[in-house]
Structure formats: C-alpha cells, structure tokens
Amino acid sequence: MNSLGLKLAPPISLFGKGQGTTTSKKNDKTLFGGKGANLAEMSSIGLSVPPGFTITTECCQFFCDPKTWDQQLPPMLWEQILTAVGTIEHNMDMQFGNPQNPLLLSVRSGASISMPGMMDTVLNLGMNDEVCQGLAEKTGNARFAWDSYRRFLEMFGNVVLDIPRVLFEEEIDNIKYERGVYQDSDLAVEDLQLVVQRFKAVYADQNLEFPQDVTEQLSLAIGAVFKGWMGPRAVKYREVENIRNLLGTAVNVQSMVFGNMGETSGTGVCFTRDPNNGEDELFGEFLINAQGEDVVAGIRTPKPISELASVMPEVYAEFKSNTDILEQHYGDMQDVEFTIQEGKLFMLQTRNGKRGGEAAVKIAVDLVEEGLVTQRQAINKVLPEHLDQLLHPRFADVESKDYKTAVMAKGLPASPGAAVGRLAFTNEKVVENKQNGIPSILVRDETSPDDVEGMYDSEGILTARGGMTSHAAVVARGWGRPCICGCTALNVDEENGEMTITTEDGQTKTFKEGEFISLNGNAGEVLEGKQLVAPPAITGDLKTFMGWVDEARSIDVLANADTPADAAEARKNGANGIGLCRSEHMFFQPERISQVRQLILGNDEQQTEALEQLLSFQRDDYEGIFKAMDGLPVTVRLLDPPLHEFLPPLEDEEIISGLASQLGVSVDEVKEQVKASEEVNPMLGLRGCRLGITKPAIIEMQVRAILEAALNAIEKGVDARPDIMVPLVGKVEEFQDQAALIRSVAEQVFQERGKKCEFKVGTMIEIPRAALTAHKIAKEADFFSYGSNDLTQMTFGYSRDDVGTFVPKYLEKGTLKMWRCSSSCCMC
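Counting restarts for each chain: residues are numbered from 1 in the order of the written sequence. Reporting of local features is limited, given that this is a predicted model, to residues whose pLDDT is at least 70; pairs of side-chain atoms are given and counted only at 80 or more, and all residues count toward the totals for whole chains, interfaces and linings. Side-chain measures were taken over the full set of non-hydrogen atoms in the model, leaving aside hydrogen atoms and water.

In this section: the overall build of the protein. Along the backbone of the protein there are 32 helices and 33 strands. Taken over 828 residues, the protein has a buried fraction of 53%. Note on definitions: a residue-residue contact is assigned when non-hydrogen atoms from the two residues lie within 4.5 Å. Contacts in the protein between residues far apart in sequence, at least 24 positions, make up 66% of those at least 6 positions apart. All accessible-area figures derive from a Shrake-Rupley calculation using a 1.4 Å probe, and residue coverage is judged against the displayed protein chains alone. When the accessible surface of the protein is totalled, it reaches about 36,500 Å², and 48% of it is carbon and sulfur. Each helix corresponds to a stretch of at least 4 residues labelled H or I by DSSP, and each strand to a stretch of at least 2 residues labelled E; elements are numbered beginning at the N terminus. Exposure classes here rest on a 1.4 Å probe applied to the protein chains alone. A residue is buried below 20% of its type maximum, exposed above 50%, and partly exposed in between.

Laid out in structure tokens, this is it:
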C-alpha cells in the first residue's frame, strides 16, 4: 500500500461468496463506492453475488492526478489486479482468455454517491475471436456467443476508445433493415457474425484496432472508467447535484453472468417499493434473453416485474425473498439489479433507491410502522427537496371534462407531478429557454446522459421509448421532474422541430417547438395546451411525518411571505411565523407602483399624496398578514432596494407618457428625472437604511402602516406581534438613527390611538462591517437576521448576478470548496 503511495486502504478488496467480510472497511462507501460496498454486504448476508473485486476510489484519485500515477496503472497495482482475477477464476472454475473455458468480466464504476447513468460500464470483457468461437462450442449456443461479442465490441469501442456509439448503431440498424427485422433479438447467428465484422470495420475507419489480448482489454477498461470520473457528463452531474470533495470512483471488476443465454435467462431492475407513490410492492421491469443495458437504455420495452411470477415462479419467489432480506438489512427501500442465467438468480447490485417526494414520505412512515427504523431515522431519509416537491402544484381537477378532453396520449408514469411548458426537442433549447425565463418540456425519443443539463432545466420530460427504470425515469425522479416514458403514440422529428401524437382514434396532431403541452407524471398522461394547476395540502402521511419533525426539531421555522395569501399558505404549511416580509414586494402592483414613481419623481405635494396612498395600501396588507399569523411573530423589513428599480425603462414610451401626465410635466422632463435617478453601482448606493436616513418620510409611512395595522388587528381580537427590521446597516450609528425614528413614530401612533402594542426593532447583518461590529449593534438591536446574499457578495467581492461566469471553474479547481448542509450549500 505504501509503495503505491496510498494512505487509506489496500487498493483491492474482494467480494463474492465467502468474501463478504475479508476487509474491515468493506462497508466504507467513501473508499469502495456504493456499488462495491453493497456487493460486499450482499455477499456477507448470503445472497448469490457473482465474485469480483473493487479497486478503491483512492486509486482513482491517484490515477487522475498528473502528479502521481498520471493516468497509468502502476505495475505493482497491475500485479494485484491479475492476482484478484485469478481468485475469480478459481471461484468460477473458469479461465480469463481461455477459449475452452472462458471467464468474461464486467468493469463498472461505483462512486460513493449514486450517479445513475453518468459513469461508464464495460460488459463481456474478455471476448475475442477465439473466445467467441470457444464460448459458442461450450454453451452450444452460437447466437449467445456472437451476441455477447457484438455487444462488447460496441461498449468497448464507445467507452474505452471514444468511438461514437451512433456509428455502431447505424451498422446494426442497417443489417436489421436488410433482414426485415425490428428487434436485435430477431437477428440470426449469421446476422450477428456480420454485425461483428462491420463493427470491426468501424474501428478500422477510426484508425483504431480492436485488442485481441484480454489483459490489454482489462487494463484499458479500468483506465477508461477512472477517466470517466473527470468526463464532461460526470462533472456536469456533480455540479448540478452539488456533489463535491469525493476521492473519485471505485472500479468493480466482476464475473459476468448472462441474461442473454436463451428463454430461461433474463435481466432486470427493480425497486423494492414503488418509487413514485411509496406503495409496498415490487416496482421494476425485466427482459427475457437480454443483458442489463437493454433495460436501462430503453432500447427494448421491458415487462413489469410482476409477470416474472408466471414466467419463472421459482426465480420470482427467491427474488422476492432476497428483496425482503435487503430491506431488513438496510432499513430502506432498495434499487436492485439482477440477472437470471439459465434459471439461476444472481444479485448484481443494491443501493438505497431514489424516490420522489410523495414516495419518500410514505416509505419513511411505513418503515416506522413496520419496525424497521425509528422516527428519527425516518426523518433523515426524507430530503428537503422531497418536501419541496410535495409543496408544488398539481393539476386542479383531473376528473373534469376539460381535462379529459385535453388528454392526447398516455405513456408510463415514470416520475410524478404536474408540468406545463413549451416544447423543446434539444438539450440546448431547454437551456436557452431557461435563461430567458421560458418553461420547457424536454421531448426526446429517449434521453441519454448527455441530456442532463436540459433535463435539470426543464419543467418535465417526455420520451417515446424507455421504461420505468430508463435513464430518463431514474434521473427525473431524483430531481423531482415529472416524466413520462415509453409514449408509443409519440413521434419526434427533432430536425424539423416538431412532434406528432397519434391519438386512440387514429388521428394525428402535430406540435411545433415552442407550443405548450402539459404532463401528468402521476397518470402518465400527455395533455394539449396549458392545464390549470392547484396547490398541494399537508394531509395523510405528510401530516404524520411533519408531526414527527415538529417533535424532533429544536428551532422554529419562519417563512418568507409578502402578502396575506402567502402568510396564510405559510401558516397552513406549519411556519412558526414570518422571518422576512419584504415591504418592497407590496409595491409592484400597477396601481401601487404608479404611486411609488410619483413619490420618487413628484413635487412635495405629489410626494405627500403618494405617501398617503401607499400608507393605506401597506396598512391593509399588514393587517391581513397579522390576521393570518395570529399569535406568531411577523418581521417586516423596511424598504431595501434602490429607488430607481421602481422607475420605468426609458424605452417604454407608454408608461413614460402616462407618468408625465400623472405628474403634470413633459415626457422629456420625466426622462431626465429617470436618468438622474440612475446610479453607477446601485447595489452599493442609496438603498436600505441609507434611504431611510436621507428620505425619512418613507420610513415614517412604513412604520405607521405596520403599527396602525397591528393595532387594528388587535382591536379585532388578533394577537399581532410585529417586528421591524432595518436593512443594510453597516455602522451602529446608522441603526441608532433609524431605531430612534421608528420609536418616535411609534410614540406618535400610540398617542393618537390611545393604545400601545409590543414590537421589536432589529436589523439584518448583511454587510461585512456590520458582522465585524455586531457586538456594538447587538447592544442597540432587539434581534438580528442574516442576509447571506449581500453578505457573501460583499465579503468575497463577487457580483451575485455574474458568479456563473467564474465560480463553477473555482469549484472545479478547488479554489472554492462547497459543502452541503441540511438545507443549503455553503462556500469557503
């Protein structure tokens, strides 16, 4: 270990029958990856796992670092790899590269955090001309041998040698067309031999040669999987998921077992519970006479796992027993891959299954009721983004005539939720729409890992092919994107930017890119146009779960809410008050913003009139908020943004003309005043407490509105609890000035009304100077809040509007480091 430079663990760890506990750190996902650790655990609890070994993530780190191994496998490591292969040969009673008794291997990645579809896999490694012939003779199944060979040629060429997969797909599609068949499984032995011949020609066309030496194949494949860790797909996925500071990926080398050896063989992927709704029933798919990539790639449409009970009842019973054992062992819903070789079941992988929000909550509640986990453990199984999904809208009335009439087609309900957006047929179009604030539905024949950016930026995903465990389905569920797969009525014409839907009555409807459609991921329904959505409700399992959270938490959770409706929704969702009510958000309604503009640009008389109007608006709003938050605190932040943000753009002649008429001045005069109000650096200009100090009448109006609203509410039996926040304080003297003004106005209001109410005056720490002098401000303020946006921006000197141009590179290079806490991400 030391001569290789490694510090954390030996480079290789065995798994398989009798190997499950040979290494004390076997269950360390940091070193062995999720796949490797779980293969070892499955071995240790007695499941039938094909033997193999794991090369640690630390080796990946050393391999990718030009200062250590520089993308080369050291001779000492290679010797240990060959020794581990010898152990597999002994356990399987086969020999790697021996045509008479060949051992074939799979080489797979396995990071400590699941990254479905992002990393590389090579199957059937060890095939060459002689091995293919020997395998055909040994098994008596020439079709199986040649099918395995053509699969290996394609995967090895694509993953290891970077030959575009489409070049292989074109060749096999041409042969299927020539033979008049649709499925790969319909090709005869002679056809597959021709496929192998043409696949080799693809190598030659790329000035490459397929290696017949099986040990060379293994060395190149291990290196390719390690290199894949820094490939663009994997890097982008880690950026989107905020996965940072991992060593790399482990490599799992494992004896192949074959699901494509005939009608008694097959392969499948299965969740031990439904990842969409959490129901306690197997949710998965399988294919007869196929290999694993056929299921997840969406090339063939698989069968539901329930049908395995009738096709292979004994295998199904054993599989069901294994899934029960896995859930008992891990205390969670599992995502399982399996292969059946000539009637014998092999468990290839298990990991905690990704799930949508509804399923996450139901599974957590059910696991507690079944005695598999405690309430506290169940809480930790539900992520913040799961709850976020449940707090998003769904279609209002799926039973209405209008809704049912809009349904054009159905597919597989791969990921739940409601999505409405404009059609986009490419990854790039979705990203462009996102930048322009346009919601998109990504529509593809099938997605691939290259589509992850578009999938992340989309509102929902629709594919013509693929099943419930395809790439699109798994990624969409993990990100909470509604998704429908396997919509056979859909035809996508990406070149012409359109899609065609064939309805049940045989009619066709064509939609151009940019037109609206809607997706119901719960029912798998594709709908025409924009459908009405409705807000969710906290009931059933979610109510039970949130009750547990309330019992466990030690802090209050306050909401951001700027209107009475927002406040009512926040309270319904369990908020303990309002931590930030942004008063400026109340000004953007048309009748109000005109008064704000009059306040900024008008003469003294017009300003006074505008303040009176705004006072009425704000008082009514605050009274509604206090009513919604009866008995809970409401923190109102006084006006924060620069005033010029309320002014119209100079090119908007209609608004400028109306404003001129309102003020009784010329259009040119209004334009001059707007220009004069512009600031060179408004984020550091006249805003926050600076505005209050220079234009105290605005703050007086706001404070009066808050306190009069509180007194009005109290008179109506509401327990109003106002707190007033002074924004953008940098010096204690600024806070002292504004606090004195606030308390002076309060005394006036209380004298006028003959009544008082309790209130607090505090500030938001959002300037580095305020953070450094917080001990002084604390002596004057009743409370603090923290403004992370401005504080981060001013501390680092980064513009929050422009960080996208350089921070991703900083994170990639480690110039900045990011870690994920329970509710957000932080940089240091």
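Look at helix 3 (residues 75-92): 26 Å from first C-alpha to last across 18 residues, which is about the 26 Å you get at 1.5 Å a residue. Residues of helix 3 that are buried include every one of Leu77, Trp78, Ile81, Ala84, Val85 and Ile88, and no others. Projected down its long axis, helix 3 shows its buried positions confined to an angular sector of 120°, all on one face. Opposite its buried face, helix 3 presents the exposed residues Pro75, Glu79, Thr83 and His90, each directed more than 90 degrees away. A positive backbone phi angle near 55° is found at Asp93, which sits one or two residues after helix 3. Expected span, for any helix, means 1.5 Å times one less than how many residues it has. An arc is given here, and it is the one of the directions from the helix axis to the C-beta atoms.

Within a predicted model, pLDDT stands for the predictor's per-residue confidence, ranging from 0 to 100. Of the residues in the protein, 94% have a pLDDT of 70 or more, and the chain-wide mean is 89. A low-confidence stretch, residues 21-26 (pLDDT under 50), is modelled with 15 contacts involving residues beyond four sequence positions or located in other chains. Ignoring residues within four places in sequence, the model shows residues 820-828, a span with pLDDT below 50, making 23 contacts including any to other chains.

What follows deals with the packing of helix 13 (residues 357-369) against helix 20 (residues 540-552). For any two helices packed against each other, the geometry is given by the interaxial angle and the distance between the axes. Note on method: axes are straight lines fitted to C-alpha atoms, helices fitted across the in-contact stretch only, with angles between N-to-C directions ranging 0 to 180 degrees. In the contact formed by helix 13 and helix 20, the axes pass within 9 Å of each other and the chain directions differ by 70°. Classified by the angle their axes make, helix 13 and helix 20 are roughly perpendicular. By crossing handedness, the relation of helix 13 to helix 20 is classed as left-handed. Where helix 13 abuts helix 20, its residues Val361, Lys362, Ala364, Val365 and Val368 lie against Asp541, Leu542, Thr544, Phe545 and Trp548. Its residues assigned to classes, the contact of helix 13 with helix 20 comprises seven nonpolar, one polar and two charged. In these notes the angle categories are as follows: under 35 degrees is roughly parallel, over 145 is roughly antiparallel, 65 to 115 is roughly perpendicular, and the rest is oblique. In a left-handed crossing the near helix is turned counterclockwise from the far helix by less than a right angle, and in a right-handed crossing that turn is clockwise. Charged residues are taken to be Asp, Glu, Lys and Arg, nonpolar residues to be Ala, Val, Leu, Ile, Met, Phe, Trp, Tyr, Cys and Pro, and polar residues to be all remaining types, Gly included.

So, about the side chain of Arg687. Inspection of the secondary structure assignment puts Arg687 in the loop between helix 25 (667-677) and helix 26 (689-694). Since its relative accessible area comes to 3%, Arg687 is described here as buried. In the analysis that follows, any N or O atom pair within 3.5 Å is treated as a polar contact, provided that within protein one partner can donate a hydrogen and the other can accept it, and provided that, for residues neighboring in sequence, both atoms belong to side chains. A distance of 3.0 Å separates the side chain of Arg687 from the side chain of Asp790, its partner in a polar contact. Leaving out residues up to four positions away in the same chain, Arg687 has contacts with Asp640, Pro641, Pro642, Pro682, Leu728 and Asp790.

Burial within strand 21 (residues 498-502) is extensive, with four of its five residues counted as buried. A strand pair is defined by DSSP finding two or more bridges across the two strands. As judged from the four bridges shared by strand 20 (residues 490-493) and strand 21, these two strands associate in the antiparallel manner. The residue of strand 21 that forms the bridge with Val492 is Met499. Hairpin geometry of strand 20 and strand 21 is characterised by an intervening segment of four residues between the two adjacent antiparallel strands and by a positive phi of about 65° at Gly497. Pairing of strand 21 with strand 22 (residues 508-512), which is carried by five bridges, proceeds in the antiparallel orientation. Note that in strand 22 the partner of Thr502 across the bridge is Thr508. Count of turn residues in the strand 21/strand 22 antiparallel hairpin: five residues, of which Gly506 carries a positive phi of about 90°.

Working definition: a ring pair exists when centres of Phe, Tyr or Trp rings (six-membered ring for Trp) sit within 6.5 Å. Plane angles under 30 degrees give stacked, over 60 give edge-to-face, the rest tilted. What the rule picks out here adds up to 20 aromatic pairs. Between Trp146 and Tyr149, the ring centres sit 6.1 Å apart and the planes meet at 40°, which makes this aromatic pair tilted. One end of the pair is Trp146 and the other is Tyr149, both in helix 5 (residues 142-160) and three residues apart, which spans about a single turn. Between Phe319 and Phe338 the ring centres are 4.5 Å apart and the planes differ by 45°, which places this aromatic pair in the tilted class. You can see Phe319 sitting in helix 12 (residues 313-330) and its partner Phe338 sitting in strand 11 (residues 334-341), a full 19 residues away along the chain. Residue Phe319 is classed as buried on the basis of its relative accessible area of 0%. Of the residues examined, Phe338 reaches a relative accessible area of 1% and is grouped as buried. Grouping aromatic residues by their ring pairs yields a cluster made of Trp146, Tyr149, Phe152, Phe156, Phe168, Phe199, Tyr203 and Phe210. Residue placement shows Lys344 over the ring face of Phe346; its charged tip is 5.3 Å from the ring centre. The rule is short: NZ of Lys or CZ of Arg within 6 Å of the ring centre and within 35 degrees of the ring normal puts a charge over the ring.

On the basis of which strands lie adjacent, the open sheet formed by eight strands has the order 14-24-23-16-17-18-19-15 and mixed pairing. With one partner strand each, in any of the chains shown, strand 14 (407-410) and strand 15 (412-415) form the two edges of the open sheet. Direction aside, the axes of adjacent strands within the sheet are offset by 30° on average.

Pairing within the open sheet is antiparallel, and its five strands lie in the order 1-2-7-5-6. For this open sheet the edge positions go to strand 1 (12-15) and strand 6 (121-125), each flanked by a neighbour on one side alone. When the angles between neighbouring strand axes are averaged without regard to direction, this sheet yields 20°. Sheet analysis places strand 2 (residues 52-55) next to strand 7 (residues 249-255), joined by four bridges and oriented antiparallel. Each residue of the ladder has a partner; that of Thr54, found in strand 7, is Asn252. Docked against the sheet, helix 1 (residues 29-44) engages strand 1, strand 2, strand 5 (105-111) and strand 7, running at close to 120° with respect to strand 5.

Burial analysis of helix 2 (residues 57-64) places six of its eight residues in the buried class, the great majority of the element. By the burial criterion, the buried members of helix 2 are Thr57, Glu58, Cys59, Cys60, Phe62 and Phe63. Considering only its buried residues, helix 2 is in contact with helix 1, strand 2, helix 8 (214-228) and strand 7.

This brings us to the environment of Lys176. Structurally, Lys176 can be placed in helix 6 (residues 165-179). On a C-alpha basis, the gap between Lys176 and Asp505 in space is 30 Å, while along the polypeptide they are 329 residues apart. Discounting residues that sit within four places of it in the chain, Lys176 has contacts with Val181, Tyr182, Gln183, Asp184 and Leu187.

We define a salt bridge as a side-chain nitrogen of Lys or Arg found within 4 Å of a carboxyl oxygen belonging to Asp or Glu. Here the structure, examined in full by the defined rule, presents 42 salt bridges. A salt bridge links Asp173 to Lys176; its shortest N-O distance comes to 3.6 Å. Placement of the pair is Asp173 and Lys176 together in helix 6, with a separation of three residues, close to one helical turn. In this structure Lys176 comes out as buried when scored by relative accessible area, which is 11%. Taking the shortest distance from any N to any O, the salt bridge between Arg553 and Asp550 comes out at 2.8 Å. Judged by relative accessible area, Arg553 falls into the partly exposed class, the value being 28%. Residue classification places Asp550 among the partly exposed residues on the basis of a relative accessible area of 43%. Each of Asp147, Arg150, Arg151, Asp173, Lys176 and Asp184 takes part in one network of salt bridges that share partners.

Moving on, we get to the nonpolar core. Residues grouped as a nonpolar core are buried Ala, Val, Leu, Ile, Met, Phe, Trp, Tyr and Cys residues, joined through side-chain atoms within 4.5 Å. If you look at the biggest cluster of nonpolar residues, it comprises 86 residues, and the most contacted ones within it are Phe53, Ile55, Ile81, Val107, Leu218, Ile222 and Phe226. The dominant element in this core, judged by the number of residues it contributes, is helix 5, at 10 residues. Sequence-distant contacts of Ile55, that is, excluding residues within four places in its chain, are made with Pro11, Ile12, Ile81, Ile222, Phe226, Ala250 and Val251. With 72 residues, the next largest nonpolar core counts Val674, Ala705, Val718 and Ala746 among its residues.

To continue, consider the environment of Ala224. Along the chain, Ala224 falls in helix 8. Classification of Ala224 by relative accessible area gives buried; the value is 8%. Spatially, the C-alpha atom of Ala224 lies 9.7 Å from that of Val107, the residues being 117 residues apart in sequence. What Ala224 contacts, discounting residues up to four positions off in sequence, is Asp120, Val159 and Val160.

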